[in-house]
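The lines below spell out each chain.
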Amino acid sequence: MAIDGPAGAGKSTVTQRVADELGYLLVDTGALYRAVALAAQRALVSWVDDASLGALARQLVEERAVELGSHGSSGFTVKLRGEDVSLAIREPSVSQGASKVSAVPAVRAALLDMQRQAGAAGGVVLEGRDIGTVVFPDAEVKFFLTASVDVRARRRFDELRARGAKPELAEVEREVAERDLRDSTRPVAPLKQAADAHGIDSSLLSIEQVVACIVAQVRVVEAELGARP
Ligand code: DC
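Residues numbered from 1 in each chain as written. Predicted model: local features only at pLDDT ≥ 70, side-chain atom pairs only at ≥ 80, totals over all residues. Heavy atoms only, no water.

> In this structure, what is going on with the side chain of Gln115? I would like to understand it.
Turning to its location among the elements, Gln115 is positioned in helix H5 (residues 105-120). Leave out the neighbours within four places in its chain, and Gln115 touches Thr29, Leu32, Tyr33, Leu126, Ile131, Val135 and Phe136. (Helix = DSSP H or I, 4+ residues; strand = E, 2+ residues; numbered from the N terminus. Contact = heavy atoms within 4.5 Å.)

> Looking at this structure, how should I read the nonpolar core?
Across soluble globular proteins, nonpolar side chains have a tendency to be buried as a group. Ranked by size, the top nonpolar core spans 49 residues in total, and within it Met1 and Ile214 carry the most contacts. Those elements that provide at least two residues to this core are helix H1 (11-22), helix H2 (29-42), helix H3 (50-62), strand E4 (75-80), helix H4 (92-101), H5, strand E7 (142-146) and helix H9 (207-227). Counting residues per element, this core draws most heavily on H2, at nine residues. If we skip the residues at most four places from it in the chain, Ile214 touches Met1, Ile3, Val14, Val18, Phe143 and Ile200. (Core = buried A, V, L, I, M, F, W, Y, C linked by side-chain atoms within 4.5 Å. Buried < 20%, exposed > 50% of the residue type's maximum accessible area, 1.4 Å probe, protein only.)

> So what exactly am I meant to see when it comes to the pattern of salt bridges here?
A side chain of one charge can pair with a side chain of the opposite charge when the charged atoms of the two come close. Tallied over the entire structure, the rule returns 14 salt bridges. For Asp130, the salt bridge is made with Arg108, and the minimal N-O distance between the two is 2.9 Å. Within this pair, whereas Asp130 is found in the loop between strand E6 (124-128) and helix H6 (131-135), its partner Arg108 is found in helix H5, the two being separated by 22 residues in sequence. A single burial state applies to Asp130 and to Arg108, both of which are buried. A salt bridge links Glu171 to Arg174; the shortest N-O distance between them is 3.1 Å. Highlighted residues: Glu171 and Arg174, both in helix H8 (residues 169-185), separated by three residues, approximately one helical turn. Classification of Glu171 by relative accessible area gives partly exposed; the value is 35%. Here the residues in one salt-bridge network are Arg129, Asp183 and Arg186, joined through shared partners. (Salt bridge = Lys/Arg side-chain N within 4 Å of Asp/Glu carboxyl O.)

Structural data, given as structure tokens:
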């Protein structure tokens, strides 16, 4: 199953709950791009140095340096070379970096097989930007979750405050809009809804409503697949 959409549409929370309810494995593909951005930051590789970023991403994949853990009460764990970087990859500077490194074709290519392997066995929900369009164009069921820029910026603002930061709302709005523009206008695998994806606008819906809607549609698809000769 593929769940794509822009930042702040509620994808992470929704995907986690959907995976729990359906007993699916969750793969947060954004965490892979974030891990590459963090590794680049630490190695002092510029986020606009395409060749070095591509080489770094390939090296991380070869070394199996990025591990996506399961999510439990403490959240979804991500390790980089054995170190728990679950919090470090959520820093605002790494969010901006992830958006930049994810526009580099060589980085996307390096991470593609890893994502396909993670989803190959089925019973998996992959969350990202291009899962339904590029990574798994034949996914059995696809969703495109979105919300207005205002709503998404407000959610990001509340999230940052809950973590103890003191952001300016206008600044968060600017960052969300900037990231949207970059993610949806990049030449390789831009953020866009797959033609066969179910679109859900979460601006006026609660998390529970979105989860219920997705779970209901997946159950219909599961029943159809199970009923196939
Ligand atoms: O979902 P997220 O905010 O953790 O993603 C971080 C960045 O990675 C985001 O700017 C878009 C990019 N990304 C991507 O290009 N393709 C994906 N499948 C997932 C994330």
